[in-house]
Structure formats: structure tokens, C-alpha cells
Amino acid sequence: MSSSGHPKTTYDVLRAHGVDRRKFLKFCTLTAAAMGLDVSLVPKVVEAMETKPRIPVIWLHGLECTCCSESFIRSSHPIAQDVILNMISLDYDDTLQAAAGEQVEEIRRKVMKEHPGEYVLAVEGNAPTNDGGVYCTVGGDTFLNVLRETAEHAKFVVAWGSCASNGCVQSAYPNPTGAKPVHELIHGKPIVNVPGCPPIAEVMTGVLTYVLTFGRLPELDSFHRPKMFYAQRIHDKCYRRAYFDAGQFVEEWDDDGARKGWCLYKMGCRGPTTYNSCSTFKWNNGVSYPIGSGHGCIGCSENNFWDNSPFYDRLTSIPVPGIEATPDGVGETLAIAAGVGVAAHFASFMVKKGLDRSRGRDAESDE
Amino acid sequence: MATNVGAFRPEELAASPHRFFRRRYVWQWPIRVFHWTNAISITVLFLTGLYIAHPILAPAGEAYKAFVMGRVRQIHFLFAFIFAVGFIWRMYWFWMGNNYARSGFPFFWRRSWWQDLFRQLGDYLHLRRGHVHLGHNALGGLSYTVFVIALGWAQLLTGLAMYSESNPGGFWSSLVGWVIPLAGGSFQVHMWHHLFAWLFVVFAILHLYIVFYDGQQYKNGLVTSMISGVKFYQEGDVDHDSWLS
């Protein structure tokens, strides 16, 4: 953890660590490549690293499992060590820092006081809101209060992972603690959502690098996700897509199709409805990703993905609260009801016709 | 009620059918074309949609030799666009067509429309021959507005939103991309689209039955009118699309 008092640039820090100019330029080029920038923009990255003071970052942990941090520290392009030690000034992270207690909370307040409107607030996890937010407390205060207090003077808010972006498991039905994602609690601040459970390490460092380099948030989509990492579905870049188009699907986990690596669509794969970079970046330094390991995507970066379970069915329960039925079940029931109604109407029509006829005959015989 | 409707007297019909039945050209050809492109495209869309949701064919061999899912999706998209063009065409003809082209519109701010709605419902439930309409009766018009127009737009919007997903930032995604966040996500859009599709089946059952029943009850040639455009009425029948004027 570096001290926040000295507005050193990234270049200053790298030089102090013995990095020469040549290596610095290489680092900038790699960083630009990691963000998917054109070569012509490398000088901008260099300029930013040379002139802009390192951004102070406060990294809060709320109701979460720390899988985002676990993912983050495994980033390889750029490596997390570079991001934490050189690029940003990570002043407060209660999970990673060695210090504890009142001193740590003092650092947080100091950064807020010394750099109002300059520091970046990174939030891992979300805040329960029921009963005054008592279901998650940090340093003697509710996380809800800590989050609001810290966000007040932040320049941007980065919502790490599905917890902070869309609620994840703690806000799944019936959500007993009233957990809410960051964008429902903080208003009037630029927020970038980086969903995933956890998000891909390179996506996390990529977002931070972008914010650091350009001093603004990357282009966001309608869910406030950076388009550069969340514009496409896993399905559209999936290496098993050819089997989908061919119509060759795994039917059982141990069938021939599974051994041949056919499409996992019928096993409930959420690739066609999930926006993430898994099929492009892959995980653990590009080793593999769930579909690559023979398991369908569970859609962990999508809204309410827990409520879309079971993960092994393509069509699960319809999105109407209180009704536990598949769309096919509802549709078939309605169709049968319509058929029964029609049949009943037709039967009564025939009965009436028969009655009218016999009445007519009676009338005739009466005459 | 009986004052408005000539009682159906088979013996008169047999004696002089030409005098008994009057004919009126009701459904202009654009309406009939719209009806049949809808009938065909909804059938094809439902069947291909069932396959897309539950792919049951499994071609053997290497993936590059087969394109079953891809082809079925192409057919689904093709008929979706036919369906969409029909809708735009129908919107145009709503203004350009004759009064009967507007008779299905739910004029819910007019009392006469509500009266006709409940009267028609009562006539169907009591199995009696009531008011005669040459255009749509209020109940029929409402059912087409809900089950064809509203449901059709819901399917077009959710369907095109999913179609746009393969080209993020493209034309369709800029046009209908807002549907996905509105529904809460891509998964929810898929679910709604699939659920709505079943409502067409419900509609088809009700529609087919009522068309045959109504045609039988009123002897108005309702079934063939969607081919010829001509509907029949009897001497003494009064056209009751009164909310139109």
C-alpha cells in the first residue's frame, strides 16, 4: 500500500523501481493492446502515464465472497502487481492490506478528505438494506453507510462483479436481507458495472487501466457495462458454435456428443443469452473457460442469473413472480383450456340444436 | 334484438336464394393477403420456433456438413420479416382501406362499442343469433387487436431484439435494442418470446372455432369471405358496426 500524500505519476513510480524508458514504453504498448486500442493511441497512454498523477483508489468489500479479488490478483495482461503497485494508488482495501482497525478507516477518511472528486471507488459486493442495513457491517458501521459516505466524493464508482452490478446470489429470490446492487443505492455518480461471478481478471485490470489512462469511463451499454468487454454474447464467439448451427447437441453428460464436444445448448448453456468475454479472453491466462471444459455457461454475468436456475434446463420458470411453470407448461395449459372451452361450447350448441329439433317435432305432432 | 335480425327461414332460402341473400364486398384484397400471410407465417414461425427451442434432429457426421439449426433459424427469420412487412402493410391499409378495414379497432371510448362487446359475448354464450355485423363485431375486433396486433408486436419486438444480438451496435440493435434491458436481460426476452408464441395457439383454437360457429349461426359466409372478400346478409338484417360512424 502506498501513501496517498504524494501525487506521483506512474512513470515516476516505475523509474523509482528501476524500470528504464525502453521497458516503460513496452509496458505502455502492452497496456494499450490489452485495452484493444489502436497503435496510434500508444502515445496517449505514454503521455497519461508520464503526466497524470496515479489515481487514488478506495476498494470496499461489502456482502460478497471475495472471488472478484481472487480473480483480479490472477490478471496476467497487465499483471495485477503492476496495476496495484505502479498504476493506481490503492490506498484502502480491507482484504489486501496488512493494517487493520481504526488506522485503516482513518486512511479511508484521509483519502476522501485530501482527494475529493479525484479518487475512484471500487466496490466489491453489495449492501443489504433491510433493517437499516445491519446484515453487513464494516468497522462498526453498516456497509450501506460506508458505501454512501465513500461514494459521495468519488470521481467514479467501479462496481466489481455480479454482486455490485446486479445483486447476484444475495439478492436472488426471496432476497431476505434486501441486498441491492450499487447502481440502485448510489445516484448521480458515473458507475461502471463489471459483472461476472467473478469478472474475468483481464477485464478488471482493463477497466482500471482505461480509467487511469483516459481519466474517464469507457463507453458503456444500457446496463452500464463497458462495451469493449461486454458487447458480445459468449455464444457468438464460442468455438462450439459450429455444432449449434449444424444442429448437433449434447443430450446427456456422458453421451457421444459430449465426448465429441458438441454444443451444450440443450444442457442449459446460457451462452446465447450471456454478454461476457469468456469465449475471447478465456480464464487463468487463457487456459480455458466453462464451455471449453465441457460444462455449459451458467450466465453468471447476467441480471438475476440465480433466479434463472436450474442451470441445466434451457427454458426454466417463466419470468412472472409467484408462478412456477415453464413457458411450455403455461402455453400447453392455456391451449388445453381453450380447447376445452371450445368443445364445451360446441357440445352445448349441439344439445340446443337437438332440443330445438325435438321441440319442433313436438309442436308438429301437437298440431 | 329480434327486431334487427331476420329470422333464418330455410324454406324461404330454398324457394328463392337470390332474393334471400344479399352480398356485400367487405374484405378488400390487402386485408385478405394480410390474413393469409399471417396464417402461413405464424404457423411456420411457431413450428420452427419449437425446433429452435427444442432441437430434436441430430445430424450425424462432421459439423461442417450439416446446417440444420442454422437453416431452421434462417427460415424463422425469413417468415418473421414477412410477418413484419404484413404488419406495416396493415397499418397503412387501416387508413387507406374501406370502413370494414377499421371495424376491428377497439373504440373503447364509445358506449356503443362496449354495448356491442357484451351483447356479442352474451349471444355467443346463449347460443343465439344476435346482431349482424358485416365488419368485425366488437368482441372479434378486440380479440384480433389483442391476439394479432398486440401479440404480434410483442413477438416482433422481442424477436427482433434477439435477432439484433448477433450484431451488437448494428441497425436492429439500435432500433429495438431497448427491449432487452426493459425485459431485464436476454434470458427474459427469450422466455417471453417463447411464452407469447403459445398464445397464438390459444388464438388459433378460438379463432377457428368461432369463425365456423359464427358462419353457421349467421349464415354469413364468414369462412369463404376471407378468400372471396364477400359476406352475405339476409333481408331485414341491419349492419351494426355502429361505432364506426
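Basis of the calculations
- Residues numbered from 1 in each chain as written.
- Chains lettered and ligands numbered in written order.
- Predicted model: local features only at pLDDT ≥ 70, side-chain atom pairs only at ≥ 80, totals over all residues.
- Contact = placed C-beta atoms within 7 Å.
- Helix = DSSP H or I, 4+ residues; strand = E, 2+ residues; numbered from the N terminus.
- Nonpolar A, V, L, I, M, F, W, Y, C, P; charged D, E, K, R; others polar.
- Axes fitted to C-alpha atoms, helices over the stretch in contact; angles between N-to-C directions.
- Parallel < 35°, antiparallel > 145°, perpendicular 65-115°, else oblique.
- Left-handed = near helix turned anticlockwise from the far one by under 90°.
- Core = buried A, V, L, I, M, F, W, Y, C linked by C-beta atoms within 7 Å.
- Buried ≥ 20, exposed ≤ 12 C-beta atoms within 10 Å, placed from the backbone.
- Domains from an automatic or database assignment.
- Pairing = 2+ DSSP bridges.
- Expected span 1.5 Å × (residues − 1).

## A few points about the interface of chain A and chain B
Part 1 of the argument: In this complex, chain A contributes 37 residues to the contact, which on the side of chain B involves 34 residues.
Part 2 of the argument: Looking at the side of chain A that touches chain B, the elements that each hand over two or more residues are α12 (241-246) and α15 (327-366) of chain A.
Part 3 of the argument: The dominant element in the side of chain A that touches chain B, judged by the number of residues it contributes, is α15(A), at 11 residues.
Part 4 of the argument: Considered class by class, the residues forming the side of chain A that touches chain B number 17 nonpolar, 12 polar and 8 charged.

## Some details on the packing of helix α2 (residues 21-34) of chain A against helix α3 (residues 42-51) of chain A
All names here are of chain A.
Part 1 of the argument: Where α2 contacts α3, the axes come no closer than 9 Å and their chain directions differ by 120°. Here α3 runs oblique to α2, going by the angle between their axes. In the crossing of α2 with α3, the sense of the turn from one axis to the other is right-handed. The residues of α3 that touch α2, namely those facing L25, C28, T29, T31 and A32, are V42, V45, V46 and M49.

## Looking at the nonpolar core
Part 1 of the argument: Judged by nonpolar contacts, the single largest core of 88 residues is most densely connected at L121(A), V123(A), V157(A), V158(A) and A159(A).
Part 2 of the argument: Here the element with the most residues in this core is helix α10 (residues 201-214) of chain A; it accounts for 8 residues.
Part 3 of the argument: Both of domain 1 (10-230) and domain 2 (234-308) of chain A provide at least three residues apiece to this core.
Part 4 of the argument: If you look at the next biggest cluster of nonpolar residues, it comprises 22 residues, including L45(B), V179(B), V189(B) and F200(B).

## Focus on the pairing of strand β3 (residues 120-124) of chain A
All names here are of chain A.
Part 1 of the argument: Of all 5 residues that make up β3, 5 are buried, and the element is covered over most of its length.
Part 2 of the argument: Burial along β3 is two-sided: V120, A122 and E124 and L121 and V123, pointing in opposite directions, are all buried.
Part 3 of the argument: Note: strand β1 (residues 55-61) against β3, 5 bridges, orientation parallel. Residue pairing in the sheet places H61 in a bridge with E124 of β3.
Part 4 of the argument: Bridge count for β3 against strand β7 (residues 156-160) is 5 bridges, and the pairing is parallel. Opposite A122, over in β7, you have V158 as the bridge partner.

## Brief notes about the pairing of strand β2 (residues 88-93) of chain A
Residues and elements named next belong to chain A.
Part 1 of the argument: The element β2 is largely enclosed, with a buried count of 5 among its 6 residues.
Part 2 of the argument: Bridge count between β1 and β2: 5 bridges; the pairing is parallel. Residue pairing for β2: I55 is matched across the bridge by I88.

## Things to note about the domain arrangement of chain A
All names here are of chain A.
Part 1 of the argument: When the domains of chain A are assigned, the result is domain 1 (10-230) and domain 2 (234-308).
Part 2 of the argument: Using only C-alpha atoms to locate each centre, domain 1 and domain 2 end up separated by 29 Å.
Part 3 of the argument: Contacts between domain 1 and domain 2 engage 16 residues on the former and 14 residues on the latter.
Part 4 of the argument: Secondary-structure elements contributing two or more residues to the side of domain 1 that touches domain 2 are α8 (161-166), α10 and α11 (227-230).

## Some remarks on the sheet that holds β1(A)
Residue and element names in this part refer to chain A.
Part 1 of the argument: Judged by pairing direction, the sheet is parallel, and its 5 strands sit side by side in the order β2-β1-β3-β7-β9 without closing on themselves. Edge positions in the open sheet fall to β2 and β9 (191-194), since each of these has one partner strand only. In this sheet, neighbouring strand axes are inclined to one another by 20° on average, regardless of whether the strands run parallel or antiparallel.
Part 2 of the argument: The pairing of β7 with β9 spans 4 bridges and is parallel. Bridge assignment links W160 to a residue of β9, and that residue is V194.
Part 3 of the argument: Against the sheet, helix α6 (residues 102-114) engages β1 and β2, with an angle of about 135° to β2.

## Remarks on unusual backbone geometry
All names here are of chain A.
Part 1 of the argument: The peptide bond linking Y173 to P174 adopts the cis configuration, its omega dihedral lying at 5°.
Part 2 of the argument: Of note, P174 is situated in the loop between α8 and β8 (179-180).
Part 3 of the argument: With an omega of 5°, the peptide bond between S309 and P310 qualifies as cis.
Part 4 of the argument: For P310, the location among the structural elements is in the loop between α14 (278-281) and α15.
Part 5 of the argument: Positive phi outside glycine occurs at H224, with the angle close to 60°.
Part 6 of the argument: By secondary structure assignment, the location of H224 is in the loop between α10 and α11.

## Some remarks on helix α4 (residues 68-96) of chain B
Part 1 of the argument: Here α4(B) contains 29 residues, and its C-alpha end-to-end distance of 42 Å stays within 8% of the 42 Å for a straight helix at 1.5 Å per residue.
Part 2 of the argument: What α4(B) keeps buried is the set M69(B), V72(B), H76(B), F79(B), A80(B), F83(B) and R90(B).
Part 3 of the argument: Elements in contact with the buried residues of α4(B): α12 of chain A together with α3 (29-53) and α6 (138-164) of chain B.

## A short note on the packing of α3(B) against helix α9 (residues 186-218) of chain B
All names here are of chain B.
Part 1 of the argument: Put simply, α3 and α9 touch, their axes get as near as 11 Å, and they point 140° apart. With respect to their mutual orientation, α3 and α9 come out oblique. Our pair here, α3 against α9, has a crossing hand that is left-handed. Of the residues in α9, those in contact with I42, F46, G49 and A53 of α3 are H194, A197, F200 and V201.
Part 2 of the argument: Taken together, the residues of the contact of α3 with α9 sort by class into 6 nonpolar, 2 polar and no charged.

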